[in-house]
Each structure stands twice: as C-alpha cells, then as structure tokens.
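# Remarks on the overall topology
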Amino acid sequence: DAGITQSPRYKITETGRQVTLMCHQTWSHSYMFWYRQDLGHGLRLIYYSAAADITDKGEVPDGYVVSRSKTENFPLTLESATRSQTSVYFCASSESLGVGTGNTIYFGEGSWLTVV
Amino acid sequence: AQSVTQLDSHVSVSEGTPVLLRCNYSSSYSPSLFWYVQHPNKGLQLLLKYTSAATLVKGINGFEAEFKKSETSFHLTKPSAHMSDAAEYFCVVSDGVGGYQKVTFGTGTKLQVIP
C-alpha cells in the first residue's frame, strides 16, 4: 500500500532555477492536486487534475506548471523559482469529487522547498 | 460562497483533560466536512468526515465531531487528551454542484498537550 509518494522530500535551489517536484500515486485515483502550505495561510490549491491530460488552475497558480500524461503521475514545475515560492508542497489524490460523495483526499508526506 | 473558520490558532490542554477544537463553515450547498491532523514534518491524515449521514461522527484515536447545521459548526472533541495528540488540525469543507466539488481548508489549529 504505497499510496502517494513525493520526491524530493527536501530541496534547496537558487532563484531563477527550474525545479520539478514529482508525485506518484498507486491507487489510480482520478483527481490529483498540488497544495502549498505557508504559515498563516493554511493549504492553498495550486493546480488540480481531474484525469490524465486534464488540468486546471487553483487559487495560486502563477509561476507553476503541471502536466499529467499518466493517471499515476502529476509533476509540479517551478519554471523560474522565486523566494516567495519557498514553502512546503503537498500532493494529494482523491477517487472522485462528485457532489455529495464526500470522498477523502489523501495526502503525500510533503516536499520542503527552499529558494535562496 | 464557501468558507471555513477555525476559531483558535492555538489550543493548549493538559494531558487527560478534554479537547475542543472549533470550526465554523459557510456553504451554499449541503457540504461534506472533514477534520485532518498533521504531525510535524508529515502529510495530512484524515481523522473523520461528515457526509450527510449521522450528525455525530466518530473518528480515529478517540476523536469525534458533531455537525450542527443551525450553528454552521463542526467542532472536534476528544474526552481525554494524550501527548501523542499534539499536532496541527485542519477543518475542511467540500461542496459544489455539477462536476468538480470545491474544497476549502481552514488555517489550522495547533494543539499543545501539557504533561
């Protein structure tokens, strides 16, 4: 029962560099999400995906790019990292988010990113 | 409009005493409500969820929450705190119509348990 795995778990990068955070889930869940967690803001949605090749913006998408060529993978790329992108990033997945289902969102362990 | 408010950013209790973490929500539809727990340097783990069945929901580790529509509240309680309960807790509301269901997280409540 591997669940959701994120890599790298910890990363330090320089301003302006491109960084990709990987996310892999073993449940074949349709929905996948990227959140960032910052003090005072809780979790904010960056991007989500309802299925392979279907992605959409969340609350704070600027500076990020996602792709989903396979159901199980949902990488998040910071095209040109900035200090404001220093954060903890969580990947998550859910079987369905249809109305009234109340399906659980399952989270990975997080990726700690520091941009210097 | 959908929102969730966790009324306390920090709560401190003594070991063995009751825990109360407060959450109020607003929703234009019939919402699903969740409580998640996050231990240091870990991801979020589901404690319990309400999905329009019984209003009193029991979760893991002795936690429970009661959905009160008239008060738009979903407070999390536990009769007796344990040291291992020290963590951050997030209240989450989910609702919507049609396809995608919007999900909003509260800003979290840090629970400190004093020995």
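The following refers to the structure shown. Just so you know, the residues in each chain are numbered from 1, in the order the chain's sequence is written. Chain letters start at A and ligand numbers start at 1, both assigned in the order the entries are written. In keeping with the predicted nature of the model, local features appear solely for residues at pLDDT of at least 70, side-chain atom pairs appear and are counted solely at 80 or more, and the whole-chain, interface and lining totals rest on all residues. Side-chain calculation: all heavy atoms of the structure are included, whereas hydrogens and water are not.

### Some thoughts on the overall build of chain B
Helical segments are the DSSP runs of H or I of at least four residues, strand segments are the runs of E of at least two, and each set is numbered from the N terminus. From N to C terminus, chain B includes 0 helices and 12 strands. Each helix and strand of chain B, placed in order from N terminus to C terminus, yields the pattern β-β-β-β-β-β-β-β-β-β-β-β. What the globule rule says is 2.2 Å times the number of residues to the power 0.38, and the radius of gyration is computed from C-alpha atoms. The C-alpha atoms of chain B give a radius of gyration of 14 Å, which matches the 13 Å a tight globule of 115 residues would have. Burial status follows relative accessibility: with a 1.4 Å probe on protein chains alone, a residue under 20% of its type maximum counts as buried, one over 50% as exposed, and anything between as partly exposed. Scored against the burial criterion, the 115 residues of chain B give a buried share of 45%. Pairs of residues are marked as contacts when any of their non-hydrogen atoms sit within 4.5 Å. Across chain B, every contact between residues at least 6 apart in sequence was considered, and the portion connecting residues at least 24 apart equals 56%. The protein chains shown are the only cover counted for residues, whose accessible areas, like all others here, come from Shrake-Rupley with a 1.4 Å probe. Here chain B has roughly 5400 Å² of accessible surface; of this, 53% comes from carbon and sulfur atoms. Between the centroid of the 9 positive side chains of chain B and the centroid of its 8 negative side chains there is a distance of 5 Å. His residues and chain termini do not enter the charge count, which takes Lys and Arg as positive and Asp and Glu as negative. Note on charges: their place is set at NZ of Lys, CZ of Arg, CG of Asp or CD of Glu.

### Let's talk about the state of the cysteines
Residues and elements named next belong to chain A. Counting rule for disulfides: a pair of cysteine sulfur atoms within 2.5 Å. Under the criterion given, the structure shown has 2 disulfides over all chains. Note on cysteine connectivity: Cys23 is disulfide-linked to Cys91, with sulfurs 1.8 Å apart. Every disulfide takes its handedness from the sign of the S-S torsion; for Cys23 and Cys91 that torsion is -75°, giving left-handed. Linking Cys23 in strand 3 (residues 19–25) with Cys91 in strand 9 (residues 87–94), this pair joins segments that are 68 residues apart in sequence. No difference in accessibility class separates Cys23 from Cys91, as the two residues are buried.

### Some words on the nonpolar core
To qualify as a nonpolar core, a set must consist of buried Ala, Val, Leu, Ile, Met, Phe, Trp, Tyr and Cys residues joined through side-chain atoms within 4.5 Å. Formed by 26 residues in total, the largest nonpolar core has its most connected members in B:Trp35, B:Leu48, B:Leu76 and B:Tyr89. Broken down by element, the residue count for this core peaks at 4 residues, all from strand 10 (residues 87–95) of chain B. The residues contacting B:Leu48, other than those within four sequence positions of it, are B:Leu33, B:Phe34, B:Trp35, B:Val57, B:Lys58, B:Gly59, B:Phe63, B:Glu64, B:Ala65, B:Phe74 and B:Leu76. Counting residues in hydrophobic clusters, the runner-up holds 19 residues, among them A:Val19, A:Phe74, A:Leu113 and A:Val115.

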